[in-house]
Structures are given as structure tokens and as C-alpha cells.
Amino acid sequence: KAGVTQTPRYLIKTRGQQVTLSCSPISGHRSVSWYQQTPGQGLQFLFEYFSETQRNKGNFPGRFSGRQFSNSRSEMNVSTLELGDSALYLCASSRGPEGFSEQYFGPGTRLTVT
Amino acid sequence: GIQVEQSPPDLILQEGANSTLRCNFSDSVNNLQWFHQNPWGQLINLFYIPSGTKQNGRLSATTVATERYSLLYISSSQTTDSGVYFCAVDNYGQNFVFGPGTRLSVLP
């Protein structure tokens with residue numbers, strides 16, 4: 001069974017631009033969560049989707065948004081990029097419907113904002 | 001919100017040595033997972049262990065939910081065990097909170 005995939009793997013953007021990251025979960029998994037990892041703040045929860053609905057959201061500004069499609073694939077969008085948004089963005093999938101049942105992570109998208 | 005602490009923050013071992021990593025959490029949780037992050041950033045599942053003890057090869061984990069801690073044991077360490085070990089807890093579906101990690105270096 002294929003694992004969680006994320007695209008793109010690396011991205012360089014300029015301040016003020018926006019970016020969209022994609023995550024395809026393990027087949028049969030219906031919950032997708034997103035996390036930001038930075039050296040200063042560690043791993044932080046962004047949001048979690050199940051059956052196309054955002055169920056939980058972490059403490060991030062409204063510039064961070066996401067959605068989930070009917071095939072469980074998910075995208076996250078960051079608008080008006082800031083230098084501090086440079087990070088490794090990880091998504092995880094789990095079977096659901098429990099909030100955070102056993103999670104499996106993708107390889108991540110490394111975003112650099114210049 | 002719930003706080004997760006891990007100790008030690010850094011650990012250097014000689015190949016073949018054993019080690020114990022600890023994870024403390026400040027409130028009751030629905031479940032707990034241990035991960036290993038390799039040098040490329042990939043988070044690899046080690047254990048899903050809300051309570052009790054599990055073993056997988058040279059690794060084992062124990063969670064004592066009533067006392068709010070979990071332990072990860074690594075026996076006969078190998079250089080490929082190097083990386084950062086994270087525990088993370090499910091705050092009853094509201095949030096998935098990671099600890100700061102333990103950075104393990106295994107020397108040949």
C-alpha cells in the first residue's frame with residue numbers, strides 16, 4: 001500500500017506571494033492533518049480534516065487555510081507569505097473517524113520564503 | 001493547553017548501548033504516539049501506545065496513562081537509530097501536541 005505523498009517536495013517563494021501544498025493520504029484513510037515544523041517552534045498542529053470538513057484548527061492566523069476533497073486528498077494554502085512561514089510542512093493521514101487515531105506522515109514539503 | 005516534555009534533549013551513545021527516552025504530559029490524553037524523524041525529515045511511526053507496553057524488535061515502549069508518562073527503550077543501538085525521537089499526544093481530538101524531541105546520536 002502506498003504511503004502518504006506530498007507535493008511539491010521543495011518550494012521557494014517570495015514574501016507576499018501565496019502557495020498551495022498538496023497531500024494524498026494512504027488509500028482508505030479519511031482524516032488528514034497538517035503540521036508546521038520550524039527550529040524555533042518545533043512541530044505544531046495546523047488543522048485536521050475528515051470527510052471534507054475541518055474539524056480542528058491550531059493556533060495559526062487566517063492566512064493558513066486548507067480543504068479536503070471527496071477522495072480525501074487535501075491541500076493547504078498560505079497567503080501573503082512571510083519570512084517566518086519558512087518551514088517543513090508535514091501532512092499525516094489516519095483512518096478516522098476518531099480525532100487523531102494512529103497517524104502516518106508524508107515526507108513533507110520544505111518551503112523557503114525569501 | 002496540554003504540555004508535553006521530553007528528556008533528555010540530547011543523547012550520545014556508543015553503538016551497542018541501551019537507552020531510555022521519557023515523555024511526560026500534563027493532562028489526560030486519548031492516545032500517544034512515538035515517532036523517529038530521520039535526517040531527511042520523514043517522521044516514521046514507532047508506536048501507537050495509549051497505555052500498556054509494546055515491543056517491536058529492539059524497540060519497546062511503555063505508557064502509564066494514570067501517571068502521565070511514556071518511555072521508549074532502545075536496546076543494542078545502531079548508527080541508523082540516530083535522529084530525533086518525538087512523542088505526541090491526542091488531546092481528545094482537539095489537538096495533536098508534539099514534545100520538543102530527543103536528539104539521539106549513535107557513534108560507531
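Everything discussed here concerns the structure shown above.
Cut-offs used in this document
Within each chain, residues carry numbers counting from 1 in the order of the written sequence. Labels follow written order: the first chain is A, the first ligand is 1, and so on. Since the coordinates come from a predicted model, pLDDT governs what is reported: local features require at least 70, and pairs of side-chain atoms require 80 or more to be given and counted, while whole-chain, interface and lining totals use all residues. Computation of side-chain values: all heavy atoms of the structure, hydrogens and water removed. For the purposes of this entry, the term helix denotes a DSSP run of H or I that reaches at least four residues, the term strand denotes a run of E that reaches at least two, and both are numbered from the N terminus. In this treatment the radius of gyration is a C-alpha quantity, and the globule benchmark scales as 2.2 Å times the residue count to the 0.38 power. For every residue, the accessible area obtained with a 1.4 Å probe (protein chains only) is divided by the maximum for its type, and the residue is called buried under 20%, exposed over 50%, and partly exposed between those limits. Any two residues whose heavy atoms approach within 4.5 Å are treated as being in contact. A 1.4 Å probe and the Shrake-Rupley method give the accessible areas. Residues count as covered only by the protein chains that appear here. At least two DSSP bridges between two strands are required for those strands to pair. Fitted lines through C-alpha atoms give the axes, limited to the stretch in contact for helices. The angle between two N-to-C directions lies from 0 to 180 degrees. Accessible area, probed at 1.4 Å, shrinks when two parts are joined; the buried area is that loss added up over both. The term salt bridge refers to a pairing of a side-chain nitrogen on Lys or Arg with a carboxyl oxygen on Asp or Glu at a separation within 4 Å. Between N or O atoms, a polar contact is any pair within 3.5 Å; within protein, one atom must be a potential hydrogen donor and the other a potential acceptor, and residues adjacent in sequence are included only when both atoms are from side chains.

## Points about the overall build of chain B
Piece 1. The helix and strand tally for chain B stands at 0 helices and 11 strands.
Piece 2. When its helices and strands are written in sequence order, chain B yields β-β-β-β-β-β-β-β-β-β-β.
Piece 3. Relative to the globule expectation of 13 Å for 108 residues, the C-alpha radius of gyration of chain B, 13 Å, shows essentially globular dimensions.
Piece 4. Dimensions of chain B along its principal axes, counting C-alpha atoms only, are 40 × 25 × 20 Å.
Piece 5. Out of the 108 residues belonging to chain B, those deemed buried represent 50%.
Piece 6. Within chain B, contacts between residues at least 6 apart in sequence are counted, and of these 55% link residues at least 24 apart.
Piece 7. A total accessible area of about 5100 Å² is found for chain B, and carbon and sulfur atoms account for 48% of it.

## What about the sheet that holds strand β7 (residues 59–64) of chain B?
Where strands meet in a sheet, backbone hydrogen bonds hold them as pairs that are either parallel or antiparallel.
All names here are of chain B.
Piece 1. The 5 strands are arranged β1-β3-β8-β7-β6 in an open sheet whose pairing can be described as antiparallel. Strand pairing shows two members of the sheet lacking a second neighbour, β1 (4–7) and β6 (52–56), which therefore form its edges. Here the strands of the sheet are splayed against their neighbours by 15° on average, with no regard to which way each runs.

## A word on the interface of chain B and chain A
Interfaces are frequently sized by the accessible area removed from exposure as the parts join.
Piece 1. Taken together, the contact between chain B and chain A spans 16 residues of the former and 16 residues of the latter.
Piece 2. For the chain B and chain A pair, buried surface summed over both sides reaches about 1400 Å², with 53% attributable to carbon and sulfur atoms.
Piece 3. Taken together, the links from chain B to chain A amount to 0 salt bridges.
Piece 4. Where chain B touches chain A, the interface holds 6 residue pairs in polar contact (both at pLDDT 80 or more).
Piece 5. Going through the elements one at a time, β4 (31–37), β5 (43–48), β9 (83–90) and β10 (96–98) of chain B are the ones with two or more residues in the side of chain B that touches chain A.
Piece 6. If one sorts the elements of the side of chain B that touches chain A by residue count, β4(B) sits on top with 4 residues.

## Thoughts on the pairing of strand β5 (residues 42–50) of chain A
Residue and element names in this part refer to chain A.
Piece 1. In terms of burial, β5 is largely enclosed, as 7 of its 9 residues are buried.
Piece 2. Pairing geometry for strand β4 (residues 31–38) and β5, over 8 bridges, is antiparallel. Residue pairing across strands places Ser 31 opposite Phe 50, the latter belonging to β5.
Piece 3. Once β4 ends, the chain turns through 3 residues before running back antiparallel as β5.
Piece 4. As judged from the 4 bridges shared by β5 and strand β6 (residues 53–57), these two strands associate in the antiparallel manner. From the neighbouring strand, Phe 50 faces β6, where its bridge partner is Thr 53.

## Here we look at unusual backbone geometry
Piece 1. Here A:Thr7 and A:Pro8 are connected by a cis peptide whose omega angle stands at -10°.
Piece 2. Its place among the elements puts A:Pro8 in the loop between β1 (5–7) and β2 (10–13).
Piece 3. In this structure, the amide linkage connecting B:Ser7 to the following residue, B:Pro8, adopts the cis form with an omega of -10°.
Piece 4. Structurally, the position occupied by B:Pro8 is in the loop between β1 and β2 (10–14).
Piece 5. One non-glycine residue with positive phi stands out, namely A:Ser72, at about 80°.
Piece 6. With respect to the element layout, A:Ser72 can be found in the loop between β7 (64–68) and β8 (74–78).
Piece 7. Although it is not a glycine, A:Thr80 adopts a positive phi angle of roughly 45°.
Piece 8. Structurally, the position occupied by A:Thr80 is in the loop between β8 and β9 (87–94).
Piece 9. On the accessibility criterion, A:Thr80 (46% relative accessible area) is partly exposed.

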